[in-house]
Amino acid sequence: MGSAPSEFQTEEGKEKLKEYQELTYLTKEEIFKCFKAFKIVAGEPKENFENWIIDEEEFKNFDQFKYNPFIDRIFEIFSSNDGKMSFEHYLDMMSVFSDSCPTDLKAKYAFKIYDFKNCDYFDRDDINTFIERITEGKFSQDERSMIIDKIFEEADIDGNNQIKFEEFNHIANKYSQDFHKTFSIKI
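A quick note: this is a predicted structure, and the numbers were derived from the prediction, not measured.

Q: Could you give me a rundown of helix H8 (residues 141-155), with the residues and numbers involved?
A: Taking 1.5 Å as the rise per residue, H8 with 15 residues should run 21 Å; its terminal C-alpha atoms sit 20 Å apart, in good agreement. Residues of H8 that are buried: Arg144, Ile148, Phe152 and Ala155. Each buried residue of H8 sits inside an arc of 80° when the element is viewed along its axis, so together they form one side. The exposed residues of H8 that point more than 90 degrees off its buried face are Asp142, Met146, Lys150 and Glu153.

Written out as C-alpha cells, the structure is:
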C-alpha cells in the first residue's frame, strides 16, 4: 500500500492511527482507505478528526452504501443523536462491517439495524419490512407471510412471537459463515 495520508504523518496523527488500530478491527491500510473515502465525501478534515462530520445526505454518497436497502438504518445506528456522523463513527461502523469483526458483534449491530421500531425485538412487522426492503417489494404478502412463518419457526425459540437478540444471535452464529459474509463490506 502507498504512503500514509499526510494527516497521519504528524505525531498527533500517528497517535490517532495507533488508537484507531487498538479500538477497531481495522488494519492500518483499511484505516487509510476509510480516511480517503471519508475525505471524498466530507472534504478536507477540520481542525481535528473528532470535528470532521457528515450528515445523512452526504453519507448516501459512499459507494459501499449507495444501494443498500438499509442505508437509513445504518446511518441512524452508527451516527450521533444529532444526526451527524463523525470520522470516528464511520471507522466504528466500518470496523463492524469488516471481515475481522467477530460474529457476535456483527449480530449486535445487525439486530439494531433490523429492529425498525427500536423495541429490542423483532416482530412479524419488522421481518416483513426486512423482506420488503431486500426484495424491493417483489414478493406478494402471501409469499412474505410464508417466509415470515418459516423464520419464526426457526428463530423464535421461546414461541412468544418475538425474536429477541439472544435468539437472533443464536441464528447468526448457527449460520455464521453465511451471516458473516452478508454482513461484511469490502474496504
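Q: With reference to specific residues and values, describe the nonpolar core.
A: By size, the foremost hydrophobic cluster in this structure holds 52 residues, and its most contacted members are Phe59, Phe65, Phe78, Tyr90 and Met93. Top contributing element to this core by residue count: helix H2 (residues 28-42), with eight residues. If we ignore the near neighbours within four places in the chain, the residues touching Phe59 are Ile54, Phe65, Ile71, Ile74, Phe75, Met85 and Met93.

Q: Just give me the short version of the packing of aromatic side chains, but keep the residues and values in it.
A: Scanning the model with the defined rule gives 29 aromatic pairs in all. A ring pair is formed by Phe111 and Phe168, whose centres lie 5.7 Å apart and whose planes are at 55°; its orientation type is tilted. On the criterion of sequence distance, the pair formed by Phe111 in helix H6 (residues 103-114) and Phe168 in helix H9 (residues 165-174) is long-range, its members being 57 residues apart. Here Phe111 matches Phe168 in class, with each residue buried. Here the aromatic rings of Tyr114 and Phe130 are separated by 4.8 Å at their centres, their planes lie at 70°, and the arrangement is edge-to-face. Separated by 16 residues along the polypeptide, Tyr114 in helix H6 and Phe130 in helix H7 (residues 124-135) bring together distant segments of the chain. Lying over the aromatic face of Phe152, Arg124 brings its terminal NZ or CZ to 4.6 Å of the ring centre.

Q: Describe the pattern of salt bridges, and please don't skip the residues or the numbers.
A: Once their charged atoms are close, side chains differing in charge can pair, the charge on each being opposite to the other. Inspection of every chain in the model, using the stated rule, returns 14 salt bridges. As a salt-bridge pair, Arg133 and Asp72 come within 2.8 Å of each other at their nearest N and O atoms. Linking Arg133 in helix H7 with Asp72 in helix H4 (residues 71-78), this pair joins segments that are 61 residues apart in sequence. Notably, a salt bridge pairs Glu76 with Arg73, separated by 3.1 Å at the nearest N-O pair. With Glu76 and Arg73 both in helix H4, this residue pair falls three residues apart, about one helical turn. Glu76 sits in the partly exposed class, given a relative accessible area of 42%. On the basis of relative accessible area, Arg73 is assigned to the buried category, the value being 3%. Because the salt bridges share partners, they merge into one network encompassing Lys16, Glu19 and Glu88.

Q: Which residues make up the packing of H6 against H9, and what values go with them?
A: Two elements in contact, H6 and H9, have axes separated by 9 Å at closest approach and are oriented at 125°. Between H6 and H9, the interaxial angle falls into the category oblique. Pair H6 / H9 crosses with right-handed handedness. For the pair H6 and H9, the contacting residues are Thr103, Asp104, Ala107, Lys108, Ala110, Phe111 and Tyr114 in the first and Phe165, Phe168, Asn169, Ala172 and Asn173 in the second. Taken together, the residues of the contact of H6 with H9 break down into seven nonpolar, three polar and two charged.

Q: Tell me about H4, and please be specific about residues and values.
A: A large share of H4 lies buried, amounting to six of its eight residues. Looking at H4, one finds that the buried residues are Ile71, Arg73, Ile74, Phe75, Ile77 and Phe78. Buried residues along H4 sit against strand S1 (53-55), helix H3 (56-59), strand S2 (84-86), helix H5 (87-97), H6 and H7.

Each value, and the rule that gives it
- Residues numbered from 1 in each chain as written.
- Predicted model: local features only at pLDDT ≥ 70, side-chain atom pairs only at ≥ 80, totals over all residues.
- Heavy atoms only, no water.
- Helix = DSSP H or I, 4+ residues; strand = E, 2+ residues; numbered from the N terminus.
- Expected span 1.5 Å × (residues − 1).
- Buried < 20%, exposed > 50% of the residue type's maximum accessible area, 1.4 Å probe, protein only.
- Arc of directions from axis to C-beta.
- Core = buried A, V, L, I, M, F, W, Y, C linked by side-chain atoms within 4.5 Å.
- Contact = heavy atoms within 4.5 Å.
- Phe/Tyr/Trp six-rings, centres within 6.5 Å; stacked < 30°, edge-to-face > 60°.
- Lys NZ or Arg CZ within 6 Å of the ring centre and 35° of its normal.
- Salt bridge = Lys/Arg side-chain N within 4 Å of Asp/Glu carboxyl O.
- Axes fitted to C-alpha atoms, helices over the stretch in contact; angles between N-to-C directions.
- Parallel < 35°, antiparallel > 145°, perpendicular 65-115°, else oblique.
- Left-handed = near helix turned anticlockwise from the far one by under 90°.
- Nonpolar A, V, L, I, M, F, W, Y, C, P; charged D, E, K, R; others polar.

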